[in-house]
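# Descriptive analysis of the structure
Residue strings, one per chain:
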Amino acid sequence: MTFAQLKALDQSYTMQTYGRFDVGLDHGEGATLYGLDGEEYIDFASGIGVNSVGYGNPHWVEAVTTQAKKLAHTSNLYYSQPYAELAERLCRRSGMACAFFSNSGAEANEGILKLARKYSFDKYGPGRSTVLTLRNSFHGRTITTLAATGQDVFHNYFFPFTEGFRYLPAGDLDALRGQGEDVCAVLLELIQGEGGVYPMDRGYVQALAQYCRQRDWLLLIDEVQTGIGRTGSLFCFQQYGVEPDALTFAKGIAGGLPMSGVLASEKCRSVLGPGTHATTFGGNPVSAAAALAVLDILDDAQMEKIKAKGAYLRGQIEHWNAPLVDGTRGMGLMIGIGVHGKSHKELAAEMISRGLLVLTAGTDTIRLLPPLTITYEEMDKGLAIMREVLCG
Ligand SMILES: *Cc1c(COP(=O)(O)O)cnc(C)c1O
């Protein structure tokens, strides 16, 4: 099939919910992708932070195919070894107590919100159900996670949204302290991803964590984008000197297969007991085996490499002094490039048409989320294309 044929087929038969780029991908290797007509792309996007160990990683492929041959699905009525082993591995590396697995970032956030409301209900009874989130946040596309998302543009069409969310300006401790008695938790991203790659101030996050403890509000961290090595530690909170009561992860966990989950601290271990939360596919053996392989690959030594690669990319970009560039932000291999003078979408489209896949975020940001295993050679190829576009 040629790309033109694919595009026509897709447009005839699929719900047109996505404004797709004119790219039809066929296969990949490392951080390089190949299109239907044989064209080559350097990947600085990894399917929005999902293909964390690149394409065709032999250890990942072996783990997935071995498990697929043994058993693809069990349901959660029965015990499954990859599920339990993955939970153990994530807890050991994060210091959290227990895991629940689901299938998408939004679904994991639904779970953590249920956990917060039930924690409070069990302890204080009804009336303490409000979750505070931050302005400019992003937490997903279900009705409830849209409501949790602190951006007005997402609060449209689908009324009525779930009640019980209020939005705080990031960094504003007074707004936090002014909240009433109806609050049970604060949910935040440590780096706002979709909102434009804005890292939270460390002092703010630590003060917020302390204040949450004082009022027995759960501190919930959405690590759907920042988790699984993206920022140079398995979870971003590990670089902020705070301990969440619960966190969510998704995107990069299974290296390309759908999986997400909640990690909860000891305090929250028993909140969601039998019958209170479930999902048919959650912790599916093939996804869990893939996730175990991802965690093998993303060991502690890789975390240092991720930080070094991120510093390299940002250093190169800043060194150009490109007139269109307004500085870089982020941590590890989660990078935002502020742009002005030309729209971020236009610049991204130009890079993509020249063979470099990048993402956008917020209103003026090019976002880079390359596979964490990308090589320096691949980064240099991608940087050369980016430089042509940004320095013209
Ligand atoms: C992508 C993302 C989500 C939503 O994940 P889905 O898998 O698309 O449901 C939620 N929170 C954050 C921070 C994200 O980046």
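Coordinates for the structure precede this section.
These numbers were taken from a predicted model, which means no experiment stands behind them.

Inspection of the region around the ligand gives Ser104, Gly105, Ala106, Asn109, Phe138, His139, Gly140, Glu189, Asp222, Val224, Gln225 and Lys251 as its neighbouring residues. Lys251 has a polar side-chain atom sitting 2.6 Å from an oxygen atom of the ligand. Sorting elements by how many residues they give to the shell around the ligand places helix α5 (residues 105–124) first, with three residues. Its residues assigned to classes, the shell around the ligand shows three nonpolar, six polar and three charged.

What follows deals with the sheet that holds strand β4 (residues 98–102). In space, the seven strands of this open sheet follow the order β4-β12-β11-β10-β7-β5-β6, with mixed pairing throughout. Two strands bound the open sheet, and with one partner strand each, they are β4 and β6 (165–168). The average angle at which neighbouring strand axes cross in this sheet is 20°, direction not considered. Pairing geometry for β4 and strand β12 (residues 260–264), over five bridges, is antiparallel. Of the residues in β12, the one forming a bridge with Ala99 is Leu263. Strands in contact with helix α4 (residues 81–94) are β4, β11 (246–249) and β12; relative to β4, the strand with the most contacts, it is inclined by about 125°.

Turning our attention to the nonpolar core. Core analysis: the biggest nonpolar cluster contains 94 residues, and Leu90 and Met386 have the highest contact counts within it. The residues touching Met386, leaving out its near neighbours within four places in the chain, are Phe44, Ile317, Trp320, Ile337, Met351, Leu356, Val358 and Leu368. Ala147, Cys184, Ala264 and Val271 belong to the second largest nonpolar core, which has 24 residues in total.

Backbone hydrogen bonds hold the strands of a sheet together, and the pairing may be parallel or antiparallel. Pairing within the open sheet is antiparallel, and its four strands lie in the order β13-β14-β17-β16. On the outer flanks of this sheet lie β13 (325–331) and β16 (359–361), each paired with one strand and no other. For this sheet the average axis-to-axis angle between neighbouring strands, irrespective of direction, equals 30°. The strands touched by helix α10 (residues 300–319) are β13, β14 (334–339) and β17 (365–368); relative to β13, the strand with the most contacts, the crossing angle is about 175°. The strands that helix α11 (residues 344–353) touches are β14, β16 and β17; relative to β17, the one it contacts most, it runs at about 45°.

In this structure, Pro160 follows Phe159 across a cis peptide bond, with omega equal to 0°. On the secondary structure map, Pro160 appears in the loop between α6 (143–148) and β6. One non-glycine residue with positive phi stands out, namely Ser46, at about 40°. Mapping Ser46 onto the fold places it in helix α2 (residues 46–49). For Ser46, a relative accessible area of 0% corresponds to the buried category. Positive phi is not limited to glycine here, since Ile48 has a value of about 60°. The residue Ile48 is located in helix α2 in this model. Classification of Ile48 as partly exposed rests on a relative accessible area of 38%.

Quick notes on the rules
- Every chain is numbered independently, its residues counted from 1 as its sequence is written.
- With pLDDT at 70 or above as the cut-off, local features in this predicted model cover only qualifying residues; side-chain atom pairs require 80 or more to be listed or tallied, and sums for whole chains, interfaces and linings still use all residues.
- To obtain the side-chain values, all non-hydrogen atoms of the structure were used and water was disregarded.
- Any residue with a heavy atom positioned within 4 Å of a molecule or strand is treated as near that molecule or strand.
- Within 3.5 Å is the distance limit for a polar contact, defined as a pair of N or O atoms, with the added protein rule that one can donate a hydrogen and the other accept it, and that residues adjacent in sequence qualify only through two side-chain atoms.
- Note on conventions: DSSP H or I runs of at least 4 residues are helices, E runs of at least 2 residues are strands, and numbering of each starts at the N terminus.
- The nonpolar class holds Ala, Val, Leu, Ile, Met, Phe, Trp, Tyr, Cys and Pro. Asp, Glu, Lys and Arg form the charged class, and all remaining residues, Gly among them, are polar.
- Two strands form a pair only when DSSP identifies at least two bridges running between them.
- In this analysis an axis means a line fitted to C-alpha atoms, helices contributing only their contacting stretch, and an angle means the value between N-to-C directions, from 0 to 180 degrees.
- When checking whether two residues touch, look at their non-hydrogen atoms; a contact exists if any pair is within 4.5 Å.
- What is meant by a nonpolar core is a set of buried Ala, Val, Leu, Ile, Met, Phe, Trp, Tyr and Cys residues, joined one to another through side-chain atoms within 4.5 Å.
- To sort residues, take the accessible area from a 1.4 Å probe on protein chains only and compare it with the maximum for the residue type: under 20% means buried, over 50% means exposed, and anything in between is partly exposed.

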